[in-house]
Amino acid sequence: MVQVIKLGYAAFDTTNVEAMLTYYTDVIGLTLVGREDGAAYLRSTVDHHTLSLHPASESRLRHIGLQLSGHQSLKEVATQLDRQGIKTEARSDAEPGIAQLLQLSDPEGYTLQLYQVMEQTHDRFGEHGIVPEKLGHIALAVT
């Protein structure tokens, strides 16, 4: 059985990265980690990022990341899922702070990324706004 230990991160496409960045840093209290190709990466904990914002013509959920336990390698997880008819794609450096992951899509087209290790930071947490300790859940609209 594939063992997920936590919801690691969420990525959003947005028509206004700067407005969303201001909201998630000033109100929610996340810390900006860095920018890459127009995207902004923010964290709430010691993980490299908890949320990312990507420029797009339409606002939507881009993908979510689920952290796996270290009991199986990503190759073993991919083999196990393949035996169950679940197709995955192995990706390298698809996310900042994550060297290897498996990517798959659900029936609605939402992208899921499975990973084991994310780069850690030891900087201080934010000091204003809500400052959540973790990303707890995500609700999706489906047909």
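Below: a short report on this structure.

Parameters and conventions
Residues numbered from 1 in each chain as written. Predicted model: local features only at pLDDT ≥ 70, side-chain atom pairs only at ≥ 80, totals over all residues. Heavy atoms only, no water. Helix = DSSP H or I, 4+ residues; strand = E, 2+ residues; numbered from the N terminus. Rg over C-alpha atoms; globule rule 2.2 N^0.38 Å. Buried < 20%, exposed > 50% of the residue type's maximum accessible area, 1.4 Å probe, protein only. Contact = heavy atoms within 4.5 Å. Areas by Shrake-Rupley, 256 points an atom, 1.4 Å probe, with all protein chains shown as cover. Patch = residues over 30% accessible without salt bridge, like charges linked within 9 Å, V, L, I, M, F, W, Y side chains within 5 Å. Salt bridge = Lys/Arg side-chain N within 4 Å of Asp/Glu carboxyl O. Phe/Tyr/Trp six-rings, centres within 6.5 Å; stacked < 30°, edge-to-face > 60°.

### Side note on the overall build of the chain
Part 1: Secondary structure summary: the chain contains two helices and eight strands in total.
Part 2: When the helices and strands of the chain are listed from N to C terminus, the series reads β-α-β-β-β-β-α-β-β-β.
Part 3: Taking 2.2 N^0.38 as the reference for a compact globule, 143 residues should give roughly 15 Å; the C-alpha atoms of the chain span a radius of gyration of 15 Å, in line with that estimate.
Part 4: In terms of its C-alpha atoms, the chain occupies a principal-axis envelope of roughly 45 × 35 × 25 Å.
Part 5: When each of the 143 residues of the chain is scored for burial, the buried share is 41%.
Part 6: Intrachain contacts of the chain at a sequence separation of at least 6 include 64% that bridge at least 24 residues.
Part 7: Put simply, the chain shows about 8,300 Å² of open surface, and 51% of that area lies on carbon and sulfur atoms.

### Quick word on a nonpolar patch on the surface
Part 1: Taken together, the side chains of Tyr23, Val27 and Ile130 present a nonpolar region at the surface, about 290 Å² in accessible area.
Part 2: Tracing the backbone through its elements, the reader meets isoleucine 130 in the segment after strand E8 (111-115).
Part 3: A relative accessible area of 59% means that isoleucine 130 is categorised as exposed.

### Here we look at the pattern of salt bridges
Part 1: For the structure shown, the criterion picks out six salt bridges.
Part 2: The shortest N-O distance in the salt bridge between aspartate 13 and arginine 62 comes to 2.5 Å. Separated by 49 residues along the polypeptide, aspartate 13 in strand E1 (residues 4-14) and arginine 62 in strand E5 (residues 60-68) bring together distant segments of the chain.
Part 3: Ionic pairing is found between lysine 87 and aspartate 82, a salt bridge with its closest N-O pair at 2.8 Å.
Part 4: Look at the salt bridges and you will find they share partners, linking Asp13, Arg60 and Arg62 into a network.

### Let's talk about the packing of aromatic side chains
For any two aromatic rings, the description comes down to two numbers: the centre-to-centre distance and the angle of the planes.
Part 1: Summed over the entire model, instances satisfying the criterion amount to two aromatic pairs.
Part 2: Look at tyrosine 9 and tyrosine 115: their rings are 5.4 Å apart centre to centre, the planes differ by 35°, and that puts the pair in the tilted class. Taken together, the residues span a long stretch of sequence, with tyrosine 9 in strand E1 and tyrosine 115 in strand E8 at a distance of 106 residues.
Part 3: Owing to a relative accessible area of 0%, tyrosine 9 belongs among the buried residues under this scheme.
Part 4: Between tyrosine 23 and tyrosine 24, the aromatic rings sit 5.3 Å apart at their centres with planes inclined by 90°, giving edge-to-face as the arrangement.

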